[in-house]
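Coordinate inspection notes
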Amino acid sequence: MKLSKNIPNHVAIIMDGNRTWSKKNNLNVKEGHKAGVKSAKKIVQCAVEKKIKNVTLFALSNENLTRSRLELKNLFDIFFYSFGEEKNFLYENKISVKFIGDLNKLPKKLRENAGFLENSTKKNKNLNLFIALNYGGKQDIKQAVNKALKESHKNPNFEKFMYSKDLPEVDLLIRTGGFKRISNFIMWQSSYAEFYFTNTLWPNFNKRSFFKALDWYSTVDRKFGKS
């Protein structure tokens, strides 16, 4: 297998296909989300091995909160236990975790667990792992502009109020599951990202899949609007 030499600094991933994977395997949706968490761990491990410095995972969008109460409960439970179970993995691999999005609308125990992970891993330097929870790109920009206007009416700098203010520019954005759209993901930092779409469902996205995306990225001549 060819391994990419041109490594992106920031990889953002829209992890799509958990529910479709569940249906294809005659399983309930919860099992698909569990499988998705396992895939996320594998890909983060690959990113550490490849010395990628920043990874952002789209775990839950604003729009996802309109799903059924049962599915949301299952998702929140999976997030809660995953954040607890993977502490050693994060420490051993020196991964720092940062959550972006409006966490105030999420269950209290989930917010507390997220806060603990952020604080306990903030000194880790191998990889910055950003997890988007209850996040939307349009909503992020809108709420940041509103906060900036309240602070000052003269040349307000809204970027510092964004949920995603700590994210570097996205180099490579990967979407699994077959759809070719960014679904209101981190729009501000993706202005010059390279987009890689694959039909592979997220639970089936593995090390080989990830390396294939990196190899594709290494072939792109990035001009950033220049000739």
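Described in the following lines is the structure provided in the data block.

All told, the structure shown has 9 aromatic pairs when counted by the stated rule. Their ring planes at 75° and their centres at 5.0 Å tell us that F158 and W188 sit as a pair that is edge-to-face. Here the residue F158 occupies a position in the loop between α6 (137–151) and β5 (172–175), and W188 occupies one in the loop between β5 and β6 (194–197), the gap between them amounting to 30 residues. Residue W188 is classed as partly exposed on the basis of its relative accessible area of 33%. Their ring planes at 20° and their centres at 5.4 Å tell us that W202 and F205 sit as a pair that is stacked. Exposure class is identical for W202 and F205. Each is buried. These aromatic residues form a ring-pair network of at least three members: F58, Y135 and F185. Geometry around F211 places K50 over its ring, the cationic atom sitting 5.4 Å from the centre. The ring of F179 carries the charged tip of R181 above its face, separated from the ring centre by 4.2 Å.

To continue, consider the pairing of strand β2 (residues 54–61). Burial runs high along β2: 7 of the 8 residues are buried. Examined bridge by bridge, β2 and strand β4 (residues 127–135) share 7 bridges and lie parallel to one another. The residue bridging N54 from the neighbouring strand is N128, located in β4.

As a further point, take α6. Compared with an ideal rise of 1.5 Å per residue, which puts 15 residues at 21 Å, α6 spans 21 Å between its outermost C-alpha atoms and is within 8% of the ideal. Every buried residue of α6 is accounted for by G137, D140, Q143, A144 and A148. All buried residues of α6 project into a common sector of 140° when viewed along the axis, lining one side. Relative to its buried face, α6 has exposed residues pointing more than 90 degrees away, namely K138, K142 and K150. Where α6 is buried, its residues contact β4.

Another aspect to go through is the side chain of S164. Mapping S164 onto the fold places it in the loop between α6 and β5. What makes S164 buried here is its relative accessible area of 0%. Residue contacts for S164: discarding those within four places in its chain leaves I100, Y135, D140, I186 and Q189.

The next subject is the pattern of salt bridges. Applying the stated criterion across every chain yields a total of 11 salt bridges. Between K41 and E86 there is a salt bridge whose closest N-O contact spans 3.1 Å. Of this pair, K41 sits in helix α2 (residues 29–49) while E86 is found in the loop between α3 (69–85) and α4 (87–92), placing the two residues 45 residues apart along the sequence. For K41, a relative accessible area of 35% corresponds to the partly exposed category. Here E112 ties to K108 by a salt bridge, and the two come within 4.0 Å at their closest N and O atoms. With E112 and K108 both in helix α5 (residues 108–121), this residue pair falls 4 residues apart, about one helical turn. Residue E112 is classed as partly exposed on the basis of its relative accessible area, which comes to 48%. Look at K108 and you get exposed, because its relative accessible area is 56%. Residues participating in the shared-partner salt-bridge network are R19, R67 and E71.

Rules used in this analysis
- Residues numbered from 1 in each chain as written.
- Predicted model: local features only at pLDDT ≥ 70, side-chain atom pairs only at ≥ 80, totals over all residues.
- Heavy atoms only, no water.
- Phe/Tyr/Trp six-rings, centres within 6.5 Å; stacked < 30°, edge-to-face > 60°.
- Helix = DSSP H or I, 4+ residues; strand = E, 2+ residues; numbered from the N terminus.
- Buried < 20%, exposed > 50% of the residue type's maximum accessible area, 1.4 Å probe, protein only.
- Lys NZ or Arg CZ within 6 Å of the ring centre and 35° of its normal.
- Pairing = 2+ DSSP bridges.
- Expected span 1.5 Å × (residues − 1).
- Arc of directions from axis to C-beta.
- Contact = heavy atoms within 4.5 Å.
- Salt bridge = Lys/Arg side-chain N within 4 Å of Asp/Glu carboxyl O.

In short, geometric facts, not functional conclusions.
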